[in-house]
Amino acid sequence: MEAEPGTGQTRPARTSARLKEISELALAHLINDIYAPVLMALQPVLITTMGYSYFQAALLPVMHSLISSLLQPVFGRLADSRGFRVSVGLSILLSGLGIALVGQLTDHYLILLVCVAISGIGHATFHPGALCKVDAIASQGDRGRITSFFVVGGNLGQALGPILGGLVLTFGGIPAVTWLVIPAVVGALILLVSPIPDTCPVVRKVAMSDHENWRPVLLLFGGSTLRAWVTFGTMTFLPTYLVLNGYPILTATMLVSVMLLSGVAGQITGGILSDRLGRKPIVVVSTFAAIPAFALILLTHGVAQIAAIMTFGFLLWSSFSVTIAMAHEMIPSQIGMISGLFMGIAMGAGGLGVSVSGAVADHLGLTATLTLFPVIILIAAILFLLVRVPRKADTT
């Protein structure tokens, strides 16, 4: 059987190895991303049981988010320029250990902040190193699919985090949060026993050329930030909108979960289609198509509204991993930096946009805030449309 060039492996063996590697990275991403949402689940307990002020309780997830968002491009740049990388296993161990210690240290607020900072650092070191490995595993013909598998792991982790947090707090109280270190330890051991080959070059020697043009990447980054704003804004405000329109709170929260699960399906579908049809067409079409889907959420009720929620989740999320894959192809010498920008800064800035939406809701009402979301999506779609894809980065 013919060997894969440069690997010494047959094609089926190499395909099997690549699937195993990306599966392990997706699992690691899932574990890494379950911990930040636990801090949100802790909020009511810290306030009502421990006597923390709203500011003290809210500062914990804010600190985690800021440290993670701001440090990701820093660690990414260090990886690109100096080959500095923290192992994926150590990253998820830090993420989990920092949150687990919260269960034992709630009486010591300053130490609590340090523990949250440790978890934030673990989260910040994870994405640049892991996406460098994703880039090494992927090929030009399947980069969208491979990247989407990795990103979906994080989506599932974000969905499981509040559930795990709620379960341990319900059955064991704050001290039981310590048990959440188990997924991190298990994940780290899996990666230790079956390590993903460290195929990322220490310093990637790619000559800067016309193909490495930051302008289209910055347009992608701007559109991704606006998309993140709408993503987090919808997750934050849609449950309240649905409750105000007659839905029971359980049904409203379940519909948001349905939207997120539709987004998982959209991620995978978008990644696969981008390998076949090209990255830019999928990003542009899906983002434009998300505009009427969101409008239908505000204009319909009942089954039609539920269908609109599912369609919106599928369409808006379908471009997420594809934009990362596009940016990797455009600037192959800065994989770590690109990963930190898109997974850290863009997501963090999008989250800050939710506070702007909250201020609008306070003054003009919740419906007015939600009505602005299609406009934000439209601007994101226009930015994506303006991206000029270098011939080298095009997959069509």
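The structure displayed is predicted, hence computed values, not measured ones.

Draft legend 1. Inspection of the overall build of the protein at higher detail. Within the protein, the secondary structure is distributed over 14 helices and zero strands. Going from the N terminus to the C terminus, the protein shows its helices and strands as α-α-α-α-α-α-α-α-α-α-α-α-α-α. When each of the 396 residues of the protein is scored for burial, the buried share is 52%. Within the protein, contacts between residues at least 6 apart in sequence are counted, and of these 83% link residues at least 24 apart. Total accessible area on the protein is roughly 17100 Å²; 72% of this is exposed by carbon and sulfur atoms.

Draft legend 2. Fine view of the pattern of salt bridges. One pass over the full model with this rule turns up six salt bridges. Across the pair Asp135 and Arg143 runs a salt bridge, and its minimum N-O distance is 2.7 Å. The burial state of Asp135 is the same as that of Arg143; both residues are buried. Between Arg279 and Glu329 there is a salt bridge; the shortest N-O distance is 2.9 Å. Linking Arg279 in helix H10 (residues 279–299) with Glu329 in helix H12 (residues 320–330), this pair joins segments that are 50 residues apart in sequence. On the accessibility criterion, Arg279 (2% relative accessible area) is buried. Given a relative accessible area of 7%, Glu329 falls into the buried group.

Draft legend 3. Expanded view of the environment of Ser87. Note on placement: Ser87 falls in the loop between helix H3 (54–82) and helix H4 (88–102). Exposure remark for Ser87: the relative accessible area of 43% places this residue in the partly exposed category. Taking the C-alpha atoms as reference points, Ser87 and Ala188, separated by 101 residues in sequence, lie 9.5 Å from one another. Looking at Ser87, its side chain comes within polar contact range of the main-chain nitrogen of Leu90, at 3.1 Å.

Draft legend 4. Quick look at the side chain of Glu329. In this structure the side chain of Glu329 is engaged in a polar contact, spanning 3.3 Å, whose partner is the side chain of Arg143. In this structure the side chain of Glu329 is engaged in a polar contact, spanning 2.9 Å, whose partner is the side chain of Arg279.

Draft legend 5. Quick look at helix H9 (residues 249–277). Here H9 contains 29 residues, and its C-alpha end-to-end distance of 40 Å stays within 8% of the 42 Å for a straight helix at 1.5 Å per residue. Positioned one or two residues after H9, Gly278 has a phi angle of 105 degrees, which is positive.

Draft legend 6. Molecular detail of the packing of H9 against H10. Where H9 meets H10, the closest approach of the two axes is 7 Å, and the angle between their N-to-C directions is 130 degrees. Viewed along their axes, H9 and H10 adopt a mutual orientation that is oblique. Between H9 and H10, the contacting residues are Gly270, Leu273, Ser274, Asp275 and Leu277 on the first element and Arg279, Pro281 and Ile282 on the second. In terms of residue class, the contact of H9 with H10 is built from four nonpolar, two polar and two charged.

Draft legend 7. Summary view of helix H2 (residues 35–48). The largest bend in H2 comes to about 40 degrees, at Leu42, with the proline Pro44 one to four residues further on. All of the buried residues in H2 are Tyr35, Pro37, Val38, Leu39, Leu42, Gln43 and Leu46.

Draft legend 8. Geometry of the side chain of Thr287. Positionally, Thr287 belongs in helix H10. Of the polar contacts made by the side chain of Thr287, one reaches the backbone oxygen of Val283; its length is 2.6 Å. Contacts of Thr287, omitting those with residues within four sequence positions, involve Ser319, Ile377, Ala380, Ala381 and Phe384.

Cut-offs and rules
- Residues numbered from 1 in each chain as written.
- Predicted model: local features only at pLDDT ≥ 70, side-chain atom pairs only at ≥ 80, totals over all residues.
- Heavy atoms only, no water.
- Helix = DSSP H or I, 4+ residues; strand = E, 2+ residues; numbered from the N terminus.
- Buried < 20%, exposed > 50% of the residue type's maximum accessible area, 1.4 Å probe, protein only.
- Contact = heavy atoms within 4.5 Å.
- Areas by Shrake-Rupley, 256 points an atom, 1.4 Å probe, with all protein chains shown as cover.
- Salt bridge = Lys/Arg side-chain N within 4 Å of Asp/Glu carboxyl O.
- Polar contact = N/O pair within 3.5 Å; in protein donor to acceptor, adjacent residues only side chain to side chain.
- Expected span 1.5 Å × (residues − 1).
- Axes fitted to C-alpha atoms, helices over the stretch in contact; angles between N-to-C directions.
- Parallel < 35°, antiparallel > 145°, perpendicular 65-115°, else oblique.
- Nonpolar A, V, L, I, M, F, W, Y, C, P; charged D, E, K, R; others polar.
- Bend = angle between axes of the 7 residues up to and from the residue.

As far as function goes, none of this settles anything; it's purely spatial.
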